[in-house]
Amino acid sequence: MITTTNPATGEHTDTDLRDTSPETVDDLVGRAADAAAALAHLGRDARADLLEAIAASLDSDRATLVATAGQETGLGEKRLDGELSRACFQFRLFAEALREGSYLEAAIDHAGDTPLGPGADLRRMLLPIGPVAVFGSSNFPFAFSVAGGDTASALAAGCPVLIKAHDSHPLTSLRSFDRIAAALSECGAPEASAALVFGQEAAGRLISHPLLRAVSFTGSLTTGKTLLGIINRREQPIPFYGELSSINPLVITPGAASARAKDLAQGLFATVTGSGGQLCTKPGIAFVPAGAGGDQIVSALSALVSEAAGHVMLNERISSSYVDIAARLSSAGATVAARGSRGDGEGFSVPPLLLTTSAADLGPELAEECFGPLVVVARYDDVSEVVTAFDRLPASLTATIHAEPAEVSDQGGTSVVAQLSQAIEAKVGRLVYNGYPTGVRVSWAQHHGGPWPSTNSQHTSVGVTAIRRFLRPFVWQDAPEAVLPSELRDGFDAVPRRIDGVLQLAATSAGRA
């Protein structure tokens, strides 16, 4: 029997749910494989309608979904309500992308003479890869879980999804899935386009199944490596899209420290402690300059941390890990500069922590990701120390630079910001200027990924191009028009296409698939 736990109180409650049996997993994957062609051939407009129906279905059950997630995550109603809005927005954004059609990368090279001789007629676009596994994350019960962006982008691509419910919020997972299933039925889409499984054994069985074509995972580096090990033992390799670990360094320049120390302390505190610090883009290390401005930042930040109440962690494992990692960081040379309250002692509450060290002493042992309201402040005398320290840090999803206009104004790449930017670009997937990396915008231009160990690919899990993970290129050579998809037939003008090397924009209407 599966239990659900309220992390605010530590209370466990039995549910009617059971771990999914190996036989049921096999059946679900087989049915998803059988449904793949039908889902793909629904066409872009029909899948867009489906995604919008899912968003509406989730919206219609908002109050119960938010209340259920609140009991299982300890996250507040405002945060969860906003996250559910984000989940709905993601489905609607992918519906827009389907109708717009550029994600197909449609290209046509007509038959004809080339500098190398006669050339065949080639028509290329992206097709769905088939059934994919999606693993829900603990810290986003909506936006990165059953009703999250991985599910939305996979269905948009035309791939059936088999979703592993996170153990921390089984009832939220089930309720979210029920809303997706209702939308599938309403739209007449194949029932097997989405399935939900519970349990660790089911997870292993799922990603080992020979009919599965990709795995998407958001979670810890340790679990990600375990899943990769299972995938590597498969007879047929498949892609693993993992978002795993990220320290997200933040740099405050001397100019910024002198100009706005109090504001920077408040902003850093808010981004480190928001959602209990349980965000993959939370800054774990902040580089603060020596001198009066930097001293003001550390003093103000210390006061904020000392006065702060405890934060409820999502589950007991995360709470225990926070305590263990904080102890390791302290024993590795970081000094505890401020500690907040743990709370009332109930549930999985932990105190906010501010640790300090010097940039010169900052090494891999102090660059361990700590999921929770903790930040390591590394003081530096010269920006060159920050540049050198970045060579010793693991890659991340994001980095941030806070600077003043005078520090970016000179030409030739010698300014403080230019030096930092050049040093950072190779180590992250997104570089933020004078802002904070938490609160990832869902949009066409977003990239949520980075070099290993933050992710293991060049793809993103947020934004429209997340759909690219679940598509594969395919070319028709000298094909009869009757077998071509409509997007590759002559005269079709509803999506952007590159024809004989020239990019042609879509017409404003007509001819949609």
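None of the values given here were measured: they were computed from a predicted structure.

We now examine the side chain of E83. Here E83 shows up in helix α4 (residues 77-100). For E83, the side chain forms a polar contact with the main-chain nitrogen of A143, separated by 2.8 Å. Among residues more than four places away in sequence, those in contact with E83 are N139, F140, P141, F142, A143 and F144.

Ranked by size, the top nonpolar core spans 99 residues in total, and within it F287 and L374 carry the most contacts. Per element, the largest residue contribution to this core is eight residues, and it comes from α4. Look past the residues within four positions of F287 in its chain and what remains in contact with it is P249, L250, V251, I252, A359, L362, A378, Y380, V386, A389, F390 and L393. Residues L162, A203, I207 and F240 belong to the second largest nonpolar core, which totals 23 residues.

What follows concerns the sheet that holds strand β23 (residues 502-504). Backbone-to-backbone hydrogen bonds join strands into a sheet, with any given pair of strands oriented parallel or antiparallel. As summarised here, the arrangement of the five strands in space is β21-β6-β3-β22-β23, forming an open sheet in which the pairing is mixed. If you trace the sheet from one side to the other, it starts and ends with β21 (471-477) and β23, each paired once. Between one strand axis and the next, the sheet turns by 25° as a mean value, whatever way the strands run. Pairing of strand β3 (residues 107-109) with strand β22 (residues 497-499) involves two bridges; the strand directions are parallel. Paired with I108 across the two strands is I499, which belongs to β22.

The next subject is the sheet that holds strand β19 (residues 396-402). The strand order across the open sheet built from seven strands is β15-β17-β18-β13-β12-β19-β20, with neighbouring strands paired in mixed fashion. Every other strand in the sheet has two partners, leaving β15 (335-339) and β20 (428-433) as the edge strands with one partner each. Taking each pair of neighbouring strands and ignoring which way they run, the sheet shows an average axis angle of 20°. With two bridges connecting them, strand β12 (residues 250-252) and strand β13 (residues 285-289) associate as parallel partners. Paired with L250 across the bridge in β13 is A286. Contacts between helix α13 (residues 383-392) and the sheet are confined to β12, β13 and β18 (374-380), with β18 contributing the most and set at about 130° to the helix.

To continue, consider the state of the cysteines. Inspection of the entire model under this criterion finds zero disulfides. Lacking any disulfide linkage, C280 is separated from the closest cysteine sulfur, that of C370, by 15 Å. Overall, C280 belongs to the buried group, its relative accessible area being 13%.

It is worth spelling out helix α11 (residues 292-307) at this point. Between its first and last C-alpha, α11 extends 23 Å over 16 residues, near the 22 Å set by a 1.5 Å rise per residue. Those residues of α11 not exposed but buried are G293, G294, I297, V298, L301, S302 and V305.

Here we take up the packing of aromatic side chains. Enumeration according to the criterion identifies six aromatic pairs in this entry. Ring centres of F140 and F144 lie 5.3 Å apart, and the angle between their planes is 55°; this geometry places the pair in the tilted category. Look at F140 and you get buried, because its relative accessible area is 11%. For F144, a relative accessible area of 8% corresponds to the buried category. Measuring from centroid to centroid gives 4.6 Å for F474 and W476, while their planes differ by 70°, and the two rings are edge-to-face. Given a relative accessible area of 15%, W476 falls into the buried group. An aromatic cluster is defined as three or more aromatic residues linked by ring pairs; in this entry it consists of F135, F217 and F240.

Procedures and definitions
- Residues numbered from 1 in each chain as written.
- Predicted model: local features only at pLDDT ≥ 70, side-chain atom pairs only at ≥ 80, totals over all residues.
- Heavy atoms only, no water.
- Helix = DSSP H or I, 4+ residues; strand = E, 2+ residues; numbered from the N terminus.
- Polar contact = N/O pair within 3.5 Å; in protein donor to acceptor, adjacent residues only side chain to side chain.
- Contact = heavy atoms within 4.5 Å.
- Core = buried A, V, L, I, M, F, W, Y, C linked by side-chain atoms within 4.5 Å.
- Buried < 20%, exposed > 50% of the residue type's maximum accessible area, 1.4 Å probe, protein only.
- Pairing = 2+ DSSP bridges.
- Axes fitted to C-alpha atoms, helices over the stretch in contact; angles between N-to-C directions.
- Disulfide = S-S within 2.5 Å.
- Expected span 1.5 Å × (residues − 1).
- Phe/Tyr/Trp six-rings, centres within 6.5 Å; stacked < 30°, edge-to-face > 60°.

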